[in-house]
Amino acid sequence: MKEELIRRFVSYAEMDTQSSEDSESCPSTPGQMVLAHKLAEELQELGLTEITVDEHAYVMASLPANTDKEVPVIGFLAHLDTATDFTGTNVKPQIVENYDGQDLVLNEAQNVIMSTKSFPELSGYKGHTLITTDGTTLLGADNKAGIAEIMTAMAHLLAHPEIKHGKIRVAFTPDEEIGRGPHKFDVAAFGASYAYTVDGGPLGELEYESFNAAAAKITFHGVNVHPGTAKGKMIHSSKIAMAFHLRLPAGEAPEFTDGYEGFYHLISMQGSAEHSKLHYIIRDFDRGQFENRKSNIAAIVEEFKSTYGADNIILEMNDQYYNMREKIEPVRHIVDIAREAMEGLGITPVIRPIRGGTDGSQLSYMGLPTPNIFTGGENFHGKFEYASVDVMLKAVQVIVEIARLAEHKA
């Protein structure tokens, strides 16, 4: 199973499937459709049924039940795209067997070193087989580790018919990293009573709480004049943008918050004297505080409009997803099944809120309650991303055990 899992993951990771906020299409990038068709072919080879790939790169398939019991249909999902934060082009995964617990040289030529000082959790993987980047790209374990684990789990269930299970649905979705993953997902066609995203991080993660999330883009229009004659005439949009950012509470940013603390996060900024733009994401677990954060942004915008002109400051703000706990709490047994599956395998569940979002955040509000389970990845979205194959194998086992327990409890 280990070699199969590595082979699958590496083949997916090498494909460029970064999504793009600049595209209005779905999928937002063509590489996602290429991977979708590759997965459909592999699902066909495995022997799954009801395989579909729609025009938006949503892949669905079924593993038929092998029991006479009436078992609720359950689903497992992962997303095709990789993050926009760092390049995912020309990914070259590196395999480190029996990791020695010391600093890892990812790229000797460019002196890219992943140190245990900067990443203290790294030494905890001593003895594991790790898959790392070559120091020039992200790895894409978010979420291709999840894809590989679901595929390997389905192969294992097919090879072991003595493990009884109900009907299982799998799905692979586009554009999760830009918040659009479930936008065109057909919950009715998927036909599951509940599902799990395999999109978490270290061993034991089990999550059913997510942020409430919004995005805000603020455009500033100024007046550019030759600096030699600018007095009393120039209105420097970048300086206005900087002043705007300084109005937000400095300590309420990702680098200063954890647990249930929310934040404002400046994703990007572009600017000149004439035109500037700030792009934020707004996050909070508490719905009331979430609304307050949005109101604060809007109030500062109105204040700046009164100073610099209503037409010169433009706010675009929209909600992205909400805390899925509200929809999962009434069916808490689906979290309990995952917890029991982990405990039965000797894994200590780590139940904590997701300081981010998964497709499950939106799917739970679309009628498909969807907690999240671990994949074995660390340091997502950058060149220090890596995954433990040992933990990935545990994720495969958890998927299999969830399927078995769902049938056993029916």
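Conventions we followed
Residues numbered from 1 in each chain as written. Predicted model: local features only at pLDDT ≥ 70, side-chain atom pairs only at ≥ 80, totals over all residues. Heavy atoms only, no water. UniProt positions renumbered as here; feature names shortened; annotations may be inferred. Helix = DSSP H or I, 4+ residues; strand = E, 2+ residues; numbered from the N terminus. Expected span 1.5 Å × (residues − 1). Buried < 20%, exposed > 50% of the residue type's maximum accessible area, 1.4 Å probe, protein only. Arc of directions from axis to C-beta. Contact = heavy atoms within 4.5 Å. Polar contact = N/O pair within 3.5 Å; in protein donor to acceptor, adjacent residues only side chain to side chain. Phe/Tyr/Trp six-rings, centres within 6.5 Å; stacked < 30°, edge-to-face > 60°. Lys NZ or Arg CZ within 6 Å of the ring centre and 35° of its normal. Pairing = 2+ DSSP bridges. Axes fitted to C-alpha atoms, helices over the stretch in contact; angles between N-to-C directions.

Looking up the protein in an unreviewed UniProt entry gives the name Peptidase T, with the organism given as Paenibacillus silagei. Taken verbatim from the UniProt record of the protein, the Function (unreviewed entry) comment is "Cleaves the N-terminal amino acid of tripeptides." For the protein, the Subcellular location (unreviewed entry) comment in UniProt is given as "Cytoplasm".

1. Points about helix α6 (residues 287-308)
Side chains three or four residues apart in an α-helix point the same way, a direct result of the helix having 3.6 residues per turn. Here α6 contains 22 residues, and its C-alpha end-to-end distance of 32 Å stays within 8% of the 32 Å for a straight helix at 1.5 Å per residue. Within the sequence span of α6, burial applies to F290, R293, K294, I297, I300, V301 and F304. All buried residues of α6 project into a common sector of 120° when viewed along the axis, lining one side. Elements that come into contact with the buried residues of α6 comprise β11 (212-221), α5 (237-246), β12 (263-271), β13 (275-284) and β14 (313-321). With a side-chain oxygen positioned 3.0 Å from the backbone nitrogen of G288, the residue opening α6 is D286. Count one or two residues on from α6 and you reach G309, which has phi positive near 105°.

2. A few points about the packing of aromatic side chains
Inspection of the entire model under this criterion finds 15 aromatic pairs. Between the aromatic rings of F244 and Y280, the centroid separation amounts to 6.3 Å while the plane-to-plane angle is 50°, which identifies the pairing as tilted. Residue F244 is found in helix α5, and its partner Y280 is found in strand β13; the two are separated by 36 residues along the sequence. Each member of the pair, F244 together with Y280, is buried. Site record: aromatic cluster; members linked through ring pairs are F220, F244, Y280, F304 and Y308. Its end group placed over the ring of Y322, R287 keeps NZ or CZ at 3.9 Å from the ring centre. Note that R293 overlies the ring of Y264, its terminal NZ or CZ placed 5.0 Å from the centroid.

3. What about the UniProt feature "domain: Peptidase M20 dimerisation" (unreviewed entry) in the protein?
UniProt feature "domain: Peptidase M20 dimerisation" (unreviewed entry): in the numbering of this structure it lies at residues 208-309. Secondary structure across residues 208-309 comprises 31% helix and 28% strand; the distance between its end C-alpha atoms is 44 Å.

4. Concerning helix α2 (residues 30-46)
An ideal rise of 1.5 Å per residue puts 24 Å on 17 residues; α2 measures up with 25 Å between its terminal C-alpha atoms. Among all positions of α2, only G31, Q32, M33, L35, A36, L39, A40, E42 and L43 are buried. On its buried face, α2 sits against α1 (2-13), β1 (49-53), β2 (59-63), α3 (141-159) and β8 (168-173). Positive phi appears at G47, one or two residues downstream of α2, with a value of about 110°.

5. Notes on the sheet that holds β12
Within the open sheet, the four strands sit side by side as β12-β13-β11-β14. Their pairing is antiparallel. With partners counted over all chains shown, the strands left at the sheet margins are β12 and β14, one partner each. Direction aside, neighbouring strands of the sheet carry axes that sit 15° apart on average. Here β11 pairs with β14 via eight bridges, running antiparallel. Across the sheet, the residue bridging to T219 is I314, located in β14.

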